[in-house]
Structure formats: C-alpha cells, structure tokens
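Understanding the architecture of this molecule
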Amino acid sequence: MSSTSPRTITSPLSAIFTSTPGAGEWNVGAWLSYANRPVRLEDATGARVAVPLENQLSLDYVASLGVLDRLALSLTLPTVLYQNGDEVGAQLGDGRLPQTAIGDAAFGVKATLVPTSSLGGFGLAALARVTAPTGDSRSYVSDGAVAGELRLLGELKLILLSVHDESNVCRA
C-alpha cells in the first residue's frame, strides 16, 4: 500500500442532486475537514502495526460553472493543511508523509438528463469526473496518476420528501 485513492469530493457540482446551476451561474466554496486515524496498518491477527496517517486537517476548494441550463463544469482541488502519522517508510518503501500537500485536481462535467419539476418528481443526471496527477502520492490525497469515473445520479422529490441515489457506472 503506497497510497489510497483520493477522496471523492462533494462539491456543488458533484452533490447528489440532479440539478445544475443555470447557464452563466457560478459558485465557489471550500470545505474544511478533520480525520483521525483514517489509515491504519494491521497484521494478519488484527493487531495494530502502525498508523501512517494519524491526524489530517484538509481544506478542499471547489468551483462550478453552468454552461447551459442542464450542463455544468467543475474544478476541485484538495489540500492538506496539516497531517502526521507513524513513520512507515521501511514497511511501505514510499518515503516520509508530507505535513502539507496538494492533492489531485478533479475536473467534472454534470448533465441533467431528466430534470425534476417545481413540484418535484423524478430527476436523473450523469456526472463524469477526471483527476489529474497534480499531488504527492505520499500524502493520501493523490493517486499520482490520471483517474476517471462516470456516475448516474437519481432523485425523487415529493413535496417535503426527497430521496437521492448515486451509482458508479465506471471507474478507471
């Protein structure tokens, strides 16, 4: 194990909702998050060997732009403000964990295939996402390679009730 896949960022574009910003509408945002012991190494008996990632404080930047009424583009960039963990270079052979890092930039396209009405109903959208290897693979926010995914998003709105689903169609 040299790294984990970068986390899927929930942004205004990749949120479970099937709607997109209107043409020419844009938004930007940032999410601050903290994780405690998200990565642990255990032996075959389940005993803890090491905690390569003990604490991680991250700030993820997101932006999206409505291109057409049912089509939007997004950009997401995860950053690590601080992280620490046990030294595991000897076990994994991948070097020291950086205290700060930039993750893989993700570019997305979201298309609303079936919009919900103002009163609710069923909605369907497709989301394509590609990540570029802009980060350090030792940081746990980068694969160090190009990756992509295609997802279908479903939504059912009934006045005060809303049900959402998300399915990965393809991940490479």
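Description of the structure in this document. (Residues numbered from 1 in each chain as written. Predicted model: local features only at pLDDT ≥ 70, side-chain atom pairs only at ≥ 80, totals over all residues. Heavy atoms only, no water.)

**A look at the overall build of the protein**
In terms of regular secondary structure, the protein is built from one helix and eight strands. Taken from the N to the C terminus, the helices and strands of the protein come in the order β-β-β-α-β-β-β-β-β. Within the span of the protein, comprising 172 residues, buried residues form 36% of the whole. Summarising the internal contacts of the protein: among those between residues at least 6 apart in sequence, 62% fall at separations of at least 24. When the accessible surface of the protein is split by element, carbon and sulfur atoms take 61% of a total near 9,400 Å². (Helix = DSSP H or I, 4+ residues; strand = E, 2+ residues; numbered from the N terminus. Buried < 20%, exposed > 50% of the residue type's maximum accessible area, 1.4 Å probe, protein only. Contact = heavy atoms within 4.5 Å. Areas by Shrake-Rupley, 256 points an atom, 1.4 Å probe, with all protein chains shown as cover.)

**Side note on the environment of Ala 47**
Its place among the elements puts Ala 47 in the loop between strand 1 (26-42) and strand 2 (48-68). We classify Ala 47 as partly exposed; its relative accessible area is 35%. Aside from chain neighbours lying at most four places away, what touches Ala 47 is Leu 41 and Glu 42.

**Regarding unusual backbone geometry**
Its identity as a non-glycine residue notwithstanding, Arg 37 has a phi of 55°, on the positive side. Secondary-structure assignment places Arg 37 in strand 1. By relative accessible area, Arg 37 is classed as partly exposed at 35%. A positive phi angle, close to 70°, is found at Tyr 140, a residue other than glycine. When you line up the elements, Tyr 140 lands in the loop between strand 6 (120-132) and strand 7 (147-158). Owing to a relative accessible area of 7%, Tyr 140 belongs among the buried residues under this scheme.

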